Amino acid sequence: MTETVDETQLSDDELLDSEGPVVEVRGLRSVFGDNVVHDGLDLTCERGEVLGVVGGSGAGKSVLLNTIIGLRTPQAGVVKVFGQDIEHASRRKWSAIERRWGVLFQQGALFSNLTVRENVAAPMFEHTQLPRQEIYELSDLKIALVGLGPETGDLKPSELSGGMRKRAGLARALALDPELLFLDEPTAGLDPISAAAFDELIKDLHDSLDLTVFMITHDLDTLYEITDRVAVIADKKVVAIAPVRELEHADHPWIREYFLGPRGRAAAKAKTKTEA
């Protein structure tokens, strides 16, 4: 007879798997009407890695992210985060999972009527019992951590540049000191200098905070600069997952066009120069 475990007696660390892969997707099927987006998609994100996810327009990259973080329910398949099947996770486990991840959406998704400080503080008010003053002090620390000046905390999102909004959204994603960071097109809309600076920031945060990073991007410079592996979505599933240099030798036509086209060759050449 299986003994029922009282979750209220367990810590968050005991509730969740702290050893295996951070994200596991098996047999995912995603359908919108007559449009099958994913059919038998498998993907694993290992602890501590920076995983890039690429694919053509309509391949379902954002659908995959939204499914992993529970914003949509798949038609079939299993999604596990920190070892927990998110479709069947209890409220207590969901709360524990949410405290261990942070999400930066493509447009930042900041609350327009709140200041940057209040935006960063929002997850702490939701998930902790810390005093208000301590929460705002921690918010200022997170704002500084992403390279924004102290004056930024008093500004509204509409008063920020595109790059600053990205960093403010990142500060909010880091509010609860997550182990897992989801990034949806983090450099989209940024000029090349700002994009390179943001890549360097993500790399530094990954190294210093021991983060696992799951990143959807089409930016070839980002893929070459900071990822450990890249997963390629095509034909409704992940057709390859490997370090970017290995993908240069893949036979799949989309992969060859993407990584061996003019932009791919330029990104590879630039990375080679920095390594020399």
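Relevant structure appears above.
So, here is what we can say about the structure in this document. The structure presented is a predicted model; accordingly, all values stated were derived computationally and were not measured.

1. Brief notes about the overall build of the protein
And then number 1: On a plain count of helices and strands, the protein comes out with 11 helices and 10 strands.
And then number 2: Relative to its full complement of 276 residues, the protein shows a buried share of 49%.
And then number 3: Put simply, of all contacts in the protein between residues at least 6 apart along the chain, 68% involve residues at least 24 apart.
And then number 4: Total accessible area on the protein stands at roughly 13700 Å², and carbon and sulfur atoms take up 50% of it.
And then number 5: Mean positive and mean negative side-chain charge positions of the protein (30 and 45 charges, respectively) differ by 5 Å.

2. A closer look at the pairing of strand 9 (residues 229-234)
And then number 1: Most of strand 9 is tucked away, with five of its six residues classed as buried.
And then number 2: Bridging between strand 3 (residues 50-55) and strand 9 involves five bridges; their strand directions are parallel. Looking at the pairing, Gly55 lines up with Ile233 of strand 9.
And then number 3: Where strand 9 lies against strand 10 (residues 237-242), five bridges are found, and the strand directions are antiparallel. Counterpart to Val232 in the pairing with strand 10 is Ala240.
And then number 4: Counting the residues between successive antiparallel strands, the hairpin from strand 9 to strand 10 contains two residues, one of them, Asp235, with a positive phi of roughly 55°.

3. Looking at the nonpolar core
And then number 1: Ranked by internal contacts, the top residues of the largest apolar core, which has 32 residues, are Val120, Val146, Leu170, Leu174, Leu181, Leu183 and Phe198.
And then number 2: Top contributing element to this core by residue count: helix 7 (residues 192-209), with five residues.
And then number 3: In contact with Leu170, not counting residues within four places along its chain, are Leu104, Val146, Leu181, Leu183, Phe198, Leu201, Ile202 and Leu205.
And then number 4: Grouped together as the second largest cluster of nonpolar side chains are 30 residues, Val79, Ile86, Ala89 and Leu180 included.

4. Examining the sheet that holds strand 9
And then number 1: Taking strand neighbours across the sheet as the criterion, the six strands line up as 6-7-8-3-9-10 in an open arrangement whose pairing is mixed. The open sheet is flanked by strand 6 (101-104) and strand 10, the only strands paired with a single partner. Ignoring strand direction, the axes of neighbouring strands in this sheet form an average angle of 15°.
And then number 2: Sitting on the sheet, helix 6 (residues 162-173) touches strand 6 and strand 7 (180-184), and the angle it makes with strand 6 is about 165°.

5. Section: the packing of helix 4 (residues 116-127) against helix 5 (residues 132-145)
And then number 1: Remark: helix 4 packs on helix 5, axes separated minimally by 9 Å, with the N-to-C direction vectors making an angle of 120°. With respect to helix 5, the element helix 4 is oriented oblique. Crossing geometry of helix 4 relative to helix 5 is assigned as right-handed. When helix 4 is examined against helix 5, the residues Val116, Arg117, Glu118, Val120, Ala121, Met124 and Phe125 are found in contact with a partner set consisting of Arg132, Ile135, Tyr136, Leu138, Ser139, Asp140, Lys142 and Ile143.

6. Brief notes about the pairing of strand 4 (residues 76-81)
And then number 1: Taken together, the five bridges between strand 1 (residues 23-32) and strand 4 define a ladder with antiparallel strand orientation. Each residue of the ladder has a partner; that of Arg26, found in strand 4, is Val78.
And then number 2: Pairing of strand 4 with strand 5 (residues 84-85), which is carried by two bridges, proceeds in the antiparallel orientation. Residue pairing for strand 5: Val81 is matched across the bridge by Gln84.
And then number 3: Here strand 4 hands over to strand 5 after two residues, with Phe82 in that stretch at a positive phi of 50°.

7. Examining the packing of helix 4 against helix 6
And then number 1: Here helix 4 crosses helix 6 at 30°, and the two axes come no closer than 8 Å. When the axis of helix 4 is compared with that of helix 6, the two are roughly parallel. Between helix 4 and helix 6 the crossing geometry is right-handed. In this structure, helix 4 uses Val116, Asn119, Val120 and Pro123 to contact helix 6, whose residues at the interface are Ala168, Ala171 and Arg172.
And then number 2: For the contact of helix 4 with helix 6, a count of residues per class yields five nonpolar, one polar and one charged.

8. Looking at the sheet that holds strand 1
And then number 1: Spatially, 2-1-4-5 is the arrangement adopted by the four strands of the open sheet, whose pairing is antiparallel. Both edges of this open sheet fall to strand 2 (35-45) and strand 5, since each of them pairs with a single strand only.
And then number 2: Helix 2 (residues 61-68) rests against strand 1, strand 2 and strand 4 of the sheet, and its axis sits at about 120° to strand 1.

Cut-offs and rules
- Residues numbered from 1 in each chain as written.
- Predicted model: local features only at pLDDT ≥ 70, side-chain atom pairs only at ≥ 80, totals over all residues.
- Heavy atoms only, no water.
- Helix = DSSP H or I, 4+ residues; strand = E, 2+ residues; numbered from the N terminus.
- Buried < 20%, exposed > 50% of the residue type's maximum accessible area, 1.4 Å probe, protein only.
- Contact = heavy atoms within 4.5 Å.
- Areas by Shrake-Rupley, 256 points an atom, 1.4 Å probe, with all protein chains shown as cover.
- Lys, Arg positive; Asp, Glu negative; His and termini not counted.
- Charge placed at Lys NZ, Arg CZ, Asp CG, Glu CD.
- Pairing = 2+ DSSP bridges.
- Core = buried A, V, L, I, M, F, W, Y, C linked by side-chain atoms within 4.5 Å.
- Axes fitted to C-alpha atoms, helices over the stretch in contact; angles between N-to-C directions.
- Parallel < 35°, antiparallel > 145°, perpendicular 65-115°, else oblique.
- Left-handed = near helix turned anticlockwise from the far one by under 90°.
- Nonpolar A, V, L, I, M, F, W, Y, C, P; charged D, E, K, R; others polar.

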